[in-house]
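Architecture at a glance
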Amino acid sequence: MTCAACAGSVEKAVKRLPGIREAVVDVLNNRVQVMFYTSFVNEETIRETIEDVGFQATFMTDEANEKSTQVCQIRINGMTCTSCSTTVESALQALQGVQKAQVALATEEAQVHYDPKIINYNQLLEAIEDTGFEAILISTGEDMSKIQLKVDGVCTDHSMRLIENSLRALPGVQDLDIDPTLNKFSLSYKSNVTGPRNFINVIESTGSRCYKATIFPEGGRDIHKKEEVKQYYRSFLWSLVFTIPVFLTSMVFMYIPGLKHGLDTKVVNMLSIGEILRWVLSTPVQFVIGRRFYTGSYKALRHGSANMDVLIALGTNAAYFYSVYSVLRAATSEDFKSTDFFETSSMLISFILLGKYLEVLAKGKTSDAIAKLMDLAPETAILLALDSEGNVINEEEIDSRLIQKNDVIKILPGAKVASDGFVIWGQSHVNESMITGEARPVAKRKGDTVIGGTVNENGVLHIKATRVGSESALSQIVQLVESAQMAKAPVQKLADHISKYFVPLVIILSFSTWLAWFLAGKFNGYPKSWIPTSMDGFQLALQFGISVMVIACPCALGLATPTAVMVGTGVGASQGVLIKGGQALESAHKVDCIVFDKTGTLTVGKPVVVNTRLLKNMVLQEFYELIAAAEVNSEHPLAKAVVEYAKKFREDGESPTWPEARDFVSITGHGVKAIVRNKEIIVGNKSLMLDENIAIPADAEDMLAETEVMAQTGILISIDGELTGVLAISDPLKPGARDVISILKSMKVKSIMVTGDNWGTANSIAKEVGIETVIAGAKPEQKAEEVKNLQASGHTVAMVGDGINDSPALVAANVGMAIGAGTDIAIEAADIVLMKSNLEDVITAIDLSRKTFSRIRLNYIWALGYNLLGIPIAAGALFPSTGFRLPPWIAGAAMAASSVSVVCCSLLLKYYKRPEKLNALEMQGVMVENRF
């Protein structure tokens, strides 16, 4: 591979294969990393596909696999515009061992995929700091839990070593870092072996038992944002202290006779008191308060790039140093009357600081969704101690962050569930709307799972914790939303491309403006009456040049996309629609064709056996025992329905022990085979029986036809090569499915159903919901192929599914939408996860993406339009005809306002409301459910 075009052709070819989850091409290191599902494609097929494109492909000799990739999150302080984020991103991408690096300006964070065998996270931090920005590690992505403890009472190095040795001796402790200045111990550990309470017990029992351990106060994103807001606010207030007197002496007091006389009093030659005052007052603003702009400019220029700080530094320096020159010349001349621009530099810096303060304040609100999710976790939990018989012997209130795996937690009515787990005692209803978006409380009893952060409504529950810390559902949702907000939308490339040339172009335009006006004045290109009485031609030209430099705003362009994506994904999460990044949002707004799976997507996904017909003399209990023994190993909803029905014939009820099944084979999209009690059992559809050369009698054919007419699924059972029985399984439609398809039609989105079920059943269901195009009897790879055919015909395709057999099509589609109640593989393969498992959320996802992208377009129109209109006005385009000129300090205020306006425009998305038709549909569904 020689260029990006080569990498693009390889990536495109590999991604078109069925079962490809992700393909990342590294053109610099001549390699491609592919994550795929082995049941659909193998390594050799991938290699042959790459060679078909025209490149030589060989497998890497080292043990490179999924585990050799870690994801590191880093906070970056000091970035101001797209140019800054691009500089950092380029520096990270250039490091050997870095597979992918994303830097988000809106969140001020980087997400780096790297190979820990080649590079470590400390080298990543050094690379960022070499570009001139502060880097703080958030997480390393290692498969470990982490906690930070503060230990009071440690006063000597010996005490520190004693505690360190005690902690390192604990099984499960992976790593330990100590910050002696803060008495902070940072531990990495395996959560299934040990936990934070064990660490605290060990610390407090070490030595003379004089140590006290607590969880170290977190210094997360919120604290950093608040500190940044405070810094800008303080800087702005201090700048006002100096700028207001400068403004008054130059713009107001000059029109008050008594004060004017005092300020015009000469000190040395033509140097006046007013000029000295303005010089003294503007200097701290320029060099102390405005120091951040010099620092930012130096860091950017050192790495061959230019950012907003460069424009501000050049503009304010031009005004300040020309003023210094003018004042010094007045002090050494008896006839030179100086005109200074000290108010321009100080007011410019003040307005820019005000703009940055408002921008940071508004940007903080774009991540409210994450803050709200994190606030769902309760602060405390009631830990139960049980005896050997399961009786409660002690209760203790603890910090919820100290919960460990297998702890038993008591949940009182009205309290939040402290951890993911399952109920071991009690029954209640739990409100899960804050996690899943499902409004109705869910009944919970012994054996049911609960999610941390949800609210227990009316009964007392005892739960056993199964997933804690970063493994919890709440943490994973937060991580997913954070990753989504990190990922760039393809439309962001426009801003990135413009930012490379924006600042250099503005500097050239600014210099050209000054030169054009200066030469025009020098050679009498305009009447002398155009020049204000307090200026000469050079000063007028200088003001125009400075105005051009400071009015141009690269920040607004850089914030146009990421702020809208952040708010859009946050709003989606609050509505139960998890959108995995800008790419998914951008693709979803273009969708004009949706492919629906049937079982579990259009239907409820909880099929039940409604009819059984035996074709041979056989005891029904034995018949179902043989089928259940084979089907219990399958994840398919139909298999689960058969096993559930078979339980009715067993005395051991809910937890029966089925006969052993040997040589189990699952034929995806067809059925299963196994040997049970030395009999060959085949359970599946008609095509599986024909493939196995099993004859299908006429009465079986008749029953299959009957089931199809009634929109049921017919399952055939063969024992030792003979067809023994036929099962009819019914899966009711989801409420509102027909209305959803109708609303999609009104949105000009075509609906298609692709299912592995037979034609008759599929067609009946399709007619019931209003879908005209049906593809039945499709295997997983055929579903993916159908998606690709639709894409080839010009459609932007979304696939909605819930099962393992849908994952190739979910990957192949432009947008994969997984039903939240579906399998982990389907959810992993999808771009959007519908947490409530409601079809209505398909419409919400598309509508939200359309609203978000209309907001992004509006942001771009404003950001580009502002610069395209503002720069000519600042350059004096209106001056010849109207006499209007834009003073530099007003130009700077306009520049600051443009960034704030873009962020505020994105924030309006927080008031997004679903289409009215959906609200009416949901109310109708609730009424129907209540009636039943």
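Keep in mind that what you see is a predicted model, and the values were worked out from it rather than measured. (Residues numbered from 1 in each chain as written. Predicted model: local features only at pLDDT ≥ 70, side-chain atom pairs only at ≥ 80, totals over all residues. Heavy atoms only, no water.)

Attention shifts here to the overall build of the protein. Helices and strands together make up the secondary structure of the protein, namely 33 helices and 34 strands. Seen along its three principal axes, the alpha-carbon backbone of the protein occupies a region of about 125 × 75 × 60 Å. Carbon and sulfur atoms form 55% of the exposed surface of the protein, whose accessible area is close to 41900 Å². Here the protein holds 87 positive side-chain charges and 101 negative ones, and the gap between their average locations is 7 Å. (Helix = DSSP H or I, 4+ residues; strand = E, 2+ residues; numbered from the N terminus. Areas by Shrake-Rupley, 256 points an atom, 1.4 Å probe, with all protein chains shown as cover. Lys, Arg positive; Asp, Glu negative; His and termini not counted. Charge placed at Lys NZ, Arg CZ, Asp CG, Glu CD.)

If you trace the six strands from one edge of the open sheet to the other, you get β14-β13-β15-β21-β16-β19, paired in antiparallel fashion. In this open sheet, the two edge strands, each paired with only one partner strand, are β14 (392–399) and β19 (449–450). Bridging between strand β16 (residues 420–425) and strand β21 (residues 461–467) involves five bridges; their strand directions are antiparallel. Bridging from a neighbouring strand, Asp 420 pairs with Arg 467 of β21. (Pairing = 2+ DSSP bridges.)

Next up on the list: the packing of aromatic side chains. A full pass over the atoms with the stated rule returns 25 aromatic pairs. Here Phe 287 and Tyr 294 contribute two aromatic rings whose centre-to-centre distance is 5.8 Å and whose plane-to-plane angle is 20 degrees, an arrangement assigned as stacked. These aromatic residues form a ring-pair network of at least three members: Tyr 322, Tyr 325, Phe 341, Phe 511, Trp 514, Phe 518 and Phe 538. Seen from the ring of Trp 658, Arg 650 lies directly overhead, with NZ or CZ sitting 5.0 Å from the centre. (Phe/Tyr/Trp six-rings, centres within 6.5 Å; stacked < 30°, edge-to-face > 60°. Lys NZ or Arg CZ within 6 Å of the ring centre and 35° of its normal.)

The subject of this paragraph is the pairing of β16. For β16 and β19, the ladder comprises two bridges, and the chain directions are antiparallel. In the strand pairing of β19, Gly 421 is matched with Val 450.

Direction vectors running N to C along helix α11 (residues 308–331) and helix α17 (residues 537–551) enclose 160 degrees, while the axes themselves pass 8 Å from each other. Classed by the angle they form, the pair α11 and α17 counts as roughly antiparallel. Helix-helix and strand crossings are classified by hand; for α11 and α17 the assignment is left-handed. Where α11 approaches α17, its residues Leu 311, Leu 314, Gly 315, Ala 318, Ala 319 and Tyr 322 are matched on the opposing element by Phe 538, Gln 539, Leu 542, Ile 546, Met 549 and Val 550. Residues belonging to the contact of α11 with α17 are distributed by class as follows: 10 nonpolar, two polar and no charged. (Axes fitted to C-alpha atoms, helices over the stretch in contact; angles between N-to-C directions. Parallel < 35°, antiparallel > 145°, perpendicular 65-115°, else oblique. Left-handed = near helix turned anticlockwise from the far one by under 90°. Contact = heavy atoms within 4.5 Å. Nonpolar A, V, L, I, M, F, W, Y, C, P; charged D, E, K, R; others polar.)

Moving on, we get to the nonpolar core. Of all hydrophobic cores here, the largest spans 126 residues; its most connected members are Ile 594 and Ile 832. The element contributing the most residues to this core is helix α30 (residues 840–874), with 12 residues. Counting residues in hydrophobic clusters, the runner-up holds 36 residues, among them Val 151, Ile 163, Phe 185 and Ile 215. (Core = buried A, V, L, I, M, F, W, Y, C linked by side-chain atoms within 4.5 Å. Buried < 20%, exposed > 50% of the residue type's maximum accessible area, 1.4 Å probe, protein only.)

What follows is about the UniProt feature "transmembrane region" (unreviewed entry) in the protein. In this numbering, the UniProt entry assigns the feature "transmembrane region" (unreviewed entry) to residues 235–256, 276–294, 306–325, 345–362, 501–520, 540–560, 860–880 and 886–909. The span residues 235–256 is 82% helical and 0% strand by assignment, and the distance between its end C-alpha atoms comes to 31 Å. (UniProt positions renumbered as here; feature names shortened; annotations may be inferred.)

Its place among the elements puts Asp 340 in the loop between α11 and α12 (342–366). Separated by 3.0 Å, the side chains of Asp 340 and Arg 278 make a polar contact. Each residue touching Asp 340, except ones within four places of it in the same chain, is listed here: Glu 275, Arg 278 and Ser 323. (Polar contact = N/O pair within 3.5 Å; in protein donor to acceptor, adjacent residues only side chain to side chain.)

Turning our attention to helix α4 (residues 121–130). Within the sequence span of α4, burial applies to Leu 124, Leu 125, Ala 127 and Ile 128. In an axial view of α4, the angular spread of the buried residues amounts to 160 degrees, which keeps them on one side of the axis. Where α4 is buried, its residues touch β3 (70–77), α3 (82–93), β4 (98–104), β5 (109–114) and β6 (134–139). Measuring from the backbone nitrogen of Asn 122 back to the side-chain oxygen at the start of α4 gives 3.1 Å, which picks out Asn 120 as the cap. Where α4 ends, the next residue or the one after it, Gly 132, has phi of about 105 degrees, a positive value. (Arc of directions from axis to C-beta.)

Okay, the pattern of salt bridges next. This structure, assessed with the given rule, holds 24 salt bridges. For Lys 410, the salt bridge identified is with Glu 395, shortest N-O distance 2.9 Å. One end of the pair, Lys 410, is in strand β15 (residues 408–411); the other, Glu 395, is in strand β14, and 15 residues separate them in sequence. For the salt bridge of Lys 590 with Glu 586, the shortest nitrogen-to-oxygen distance reads 3.9 Å. Overall, the relative accessible area of 10% leaves Glu 586 in the buried class. Each of Glu 44, Arg 47 and Glu 51 takes part in salt bridges that share partners, so that together they form one network. (Salt bridge = Lys/Arg side-chain N within 4 Å of Asp/Glu carboxyl O.)

Let's shift gears to the sheet that holds strand β10 (residues 212–215). As a general point, the strands of a sheet are linked pairwise by backbone hydrogen bonds and lie either parallel or antiparallel. Ordered in space as β8-β9-β7-β10, the four strands form an open sheet in which the pairing is antiparallel. The two strands at the open ends of the sheet, each matched to only one other strand, are β8 (173–179) and β10. Within this sheet the neighbouring strands show an average axis-to-axis angle of 30 degrees, counted without direction. The pairing of β8 with strand β9 (residues 184–189) spans six bridges and is antiparallel. In the sheet register, Ile 178 faces β9, and the bridge partner there is Phe 185. Lying on the sheet, helix α5 (residues 157–168) is in contact with β7 (145–152), β8 and β9; it crosses β8 at an angle near 165 degrees. Seen against the sheet, helix α6 (residues 196–204) touches β7, β8, β9 and β10 and runs at an angle of roughly 25 degrees to β7.

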